[in-house]
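# Breakdown of the fold
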Amino acid sequence: MIEPRHAVSTRARQMPMPPIRAIFEAASRMDDVVRLEVGEPDFGPPAWLREAHIDALRRDSSHYTSFSGLMALREAIAEKLERENAVRRDPTTEVLVTAGATGALYQALQATVDPGDEVLLPSPGWPQYIASTQLAGGVPIFYPLHASEGFTPRVEDIARLITPRTRVLLLNSPGNPTGGVIDRARLEALAALACEHDLLVLSDEVYEHIRFDGHSHTSPASLPGMAERTITIHSASKTFAVTGWRIGFAAGPAAHIAPMTKIGLSTCTHPSTPAQMACVTAYRRSAEGDIAGMVATLRQRRDFLCDSLAAMPGIRCARPAGAFYVFANVEGTGLGSEAFSWHLLRAAGVATVPGVGFGPGGEGYVRLSFAASMGELERGVERIHRALTSLSVD
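Now for a quick tour of the structure. These numbers were taken from a predicted model, which means no experiment stands behind them.

### Brief notes about the packing of aromatic side chains
Ring pairs (aromatic) are described by centroid distance and by the angle formed between their planes. The full count for this structure, using the stated rule, is 11 aromatic pairs. Ring geometry for Phe 151 against Tyr 365: centres 5.8 Å apart, planes inclined by 75°, an arrangement best described as edge-to-face. In this pair, Phe 151 is assigned in the loop between strand E4 (139-146) and strand E5 (152-153) and Tyr 365 in strand E13 (residues 365-369), connecting sequence segments 214 residues apart. For Phe 151, a relative accessible area of 11% gives the class buried. Judged by its relative accessible area of 14%, Tyr 365 is buried. One aromatic cluster is present, built from ring pairs that chain together Phe 151, Phe 327, Phe 358 and Tyr 365. The ring of Phe 24 is capped by Arg 21, whose NZ or CZ atom sits 4.8 Å from the centre of that ring. Taking the ring centre of Phe 24 as reference, the NZ or CZ of Arg 35 above it sits at 5.0 Å.

Written as structure tokens, this is what we have:
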């Protein structure tokens, strides 16, 4: 059979399959696997939020909303930003509800990057940053995150990478996959750099509430001179444990939000109406108690996993300041990150993500999620130790 010459686009052919997807698919076909590869809390949303979703389904919630998202939700988001982040945005023109943070990221880059524009990305960083940049025709330029400094960037490293083609600086704090949290002083220096070089800043703050050991969160858009050059990306997924609802949002200058809305109209139109209605309650109700309880549970899991891994031969593991991932150094095992992750899956039934999937700065590491239950973490630790023993790591 002769296939049409243009059956698959060059764009699609050239996009690599992320290592996390290969691990995920292989693990899904196996029995009795400890799943530490997926960034998804094992607990569900608070009872009051589930009830809000059920109530939305009972009401007349089966119709389109505005293409920018439900107005009541945009208003609730604007209130949240001012209350929690010291960021003021007009819900009518400066807030856009998206299909998760992934949708916000994709629409932001499509609306602001032309072919050949350079986008400064953290490395290691979330793989979607690379894919979305390339789909917009942009050129990913990686700035390093330093393990010795809690996986945070150095301003001088980023400054050296700026060229006349640099358009966007992407920041992620707390970070995926490292858990790094950028402190306010460093953010102020990065903001000054962005102003000096007239850069647009995309600030991924999805994990803003999941922080440990007294680390604080600062939104770049709240800093002097930054409101007019920052698009803030958020999601309900991690904060409220509703990853499947696909509710995210972008907040930024109207000049950026308007074209982002047009891009969204050509992709998903808008996210689920009932989920949007439920999230009005999520962003208007004080959820501090629920979030604090979740963070306390995650802290216990983090400490258990870090202590357990650090005691194993060939592994070095620092405590992340935020998010719910351990980014463990496995160079001492003698295996590369992909070989190590596949060894754990095949020999021990533990799914992790090889660091190479997070950009050039991720080699030598693997990401493990401690959003799994304590029981699963205990099973996973036991199996990892057994798999390392089979490698005869000293």
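### As for the nonpolar core
Leu 49, Leu 202, Tyr 283 and Leu 309 are the most contacted members of the largest nonpolar core, which totals 82 residues. Of the residues forming this core, the biggest block, seven residues, is contributed by helix H12 (residues 288-310). Setting aside residues up to four positions removed in sequence, Leu 202 forms contacts with Leu 105, Ala 108, Leu 109, Val 168, Leu 169, Leu 170, Leu 171 and Ile 231. Counting 24 residues, the second-largest nonpolar core is a separate cluster that includes Leu 120, Val 155, Ala 191 and Val 201.

### Let's talk about the sheet that holds strand E2 (residues 95-99)
Strand order in the open sheet formed by eight strands is E2-E9-E8-E7-E6-E3-E4-E5, and the pairing between neighbours is mixed. Of all the strands in the sheet, the pair left with one neighbour each is E2 and E5. Looking at chain direction, strand E3 (residues 118-123) and E4 are connected through six bridges and run parallel. Looking at E4, one finds that Val 119 is bridged to Pro 140. Where helix H5 (residues 100-112) meets the sheet, its contacts fall on E2, E3, strand E6 (166-172), strand E7 (200-204), strand E8 (230-235) and strand E9 (247-251), and the angle it forms with E2 comes to roughly 120°. Across the sheet, helix H10 (residues 254-265) is in contact with E2, E6, E7, E8 and E9; its angle to E2 comes to roughly 35°.

### Some words on the layout of surface pockets
The space that makes up the largest pocket amounts to roughly 1000 Å³. Along the wall of the largest pocket there are 37 residues; nearest its centre are Ile 20, Thr 102, Trp 126, Pro 127 and Gln 128. Secondary structure elements with two or more residues in the lining of the largest pocket: helix H2 (19-28), H5, helix H6 (127-135) and helix H9 (236-239). Top contributing element to the lining of the largest pocket by residue count: H6, with six residues. For the lining of the largest pocket, the per-class residue count stands at 19 nonpolar, 11 polar and seven charged. Quantified by volume, the second largest pocket comes out at close to 380 Å³. Lining the second largest pocket we find 21 residues, and of these Glu 84, His 209, Ala 287, Glu 288 and Ile 291 sit closest to its centre. It is H12 that provides the largest number of residues to the lining of the second largest pocket, a total of four residues. Residue composition of the lining of the second largest pocket, by class: eight nonpolar, five polar and eight charged.

### Quick word on the pairing of E7
For E7, a buried count of five out of five residues is recorded, marking the element as mostly surrounded by other parts of the structure. Here E7 shows two buried faces, one formed by Leu 200, Leu 202 and Asp 204 and the other by Val 201 and Ser 203. With five bridges connecting them, E6 and E7 associate as parallel partners. Bridge pairing in E7 places Leu 170 opposite Leu 202. Handedness of the crossover joining E6 and E7 through helix H8 (residues 184-196) is recorded here as right-handed. Pairing of E7 with E8, which is carried by four bridges, proceeds in the parallel orientation. The partner of Leu 202 across the bridge, within E8, is Ile 231.

### Focus on the sheet that holds strand E10 (residues 325-329)
An order of E10-E13-E12 is seen for the three strands of this open sheet, with the pairing classed as antiparallel. Two strands close off the open sheet at either side, each with one partner strand: E10 and strand E12 (353-354). Taken together, the five bridges between E10 and E13 define a ladder with antiparallel strand orientation. Along E13, the bridge assignment pairs Ala 328 with Val 366.

### Here's the deal with H8
Relative to the 18 Å expected for 13 residues at 1.5 Å per residue, H8 spans 18 Å between its end C-alpha atoms, a close match to the ideal helical length. Within the span of H8, buried status applies to Leu 187, Leu 190, Ala 191, Leu 193 and Ala 194. Buried residues of H8, seen end-on, are gathered within an arc of 160° and therefore sit on one face of the element. H8 presents Ala 185 and Glu 196 as exposed residues on the side facing more than 90 degrees away from its buried surface. Buried residues belonging to H8 abut E5, helix H7 (155-161), E6 and E7. A side-chain oxygen of the first residue of H8 lies 3.1 Å from the backbone nitrogen of Ala 185; this N-cap is Asp 183. Looking one or two residues beyond H8, the residue adopting positive phi is Asp 198, at roughly 55°.

Each value, and the rule that gives it
- Residues numbered from 1 in each chain as written.
- Predicted model: local features only at pLDDT ≥ 70, side-chain atom pairs only at ≥ 80, totals over all residues.
- Heavy atoms only, no water.
- Phe/Tyr/Trp six-rings, centres within 6.5 Å; stacked < 30°, edge-to-face > 60°.
- Helix = DSSP H or I, 4+ residues; strand = E, 2+ residues; numbered from the N terminus.
- Buried < 20%, exposed > 50% of the residue type's maximum accessible area, 1.4 Å probe, protein only.
- Lys NZ or Arg CZ within 6 Å of the ring centre and 35° of its normal.
- Core = buried A, V, L, I, M, F, W, Y, C linked by side-chain atoms within 4.5 Å.
- Contact = heavy atoms within 4.5 Å.
- Pairing = 2+ DSSP bridges.
- Axes fitted to C-alpha atoms, helices over the stretch in contact; angles between N-to-C directions.
- 1 Å grid on protein atoms, 1.4 Å probe; cavity = no way out; pocket = protein on both sides within 12 Å on 5 of 7 lines; lining within 4 Å.
- Points joined across faces, edges and corners; volume = space filled by probe spheres on them.
- Nonpolar A, V, L, I, M, F, W, Y, C, P; charged D, E, K, R; others polar.
- Right-handed = clockwise from strand over helix to strand, strands pointing away.
- Expected span 1.5 Å × (residues − 1).
- Arc of directions from axis to C-beta.
- Polar contact = N/O pair within 3.5 Å; in protein donor to acceptor, adjacent residues only side chain to side chain.

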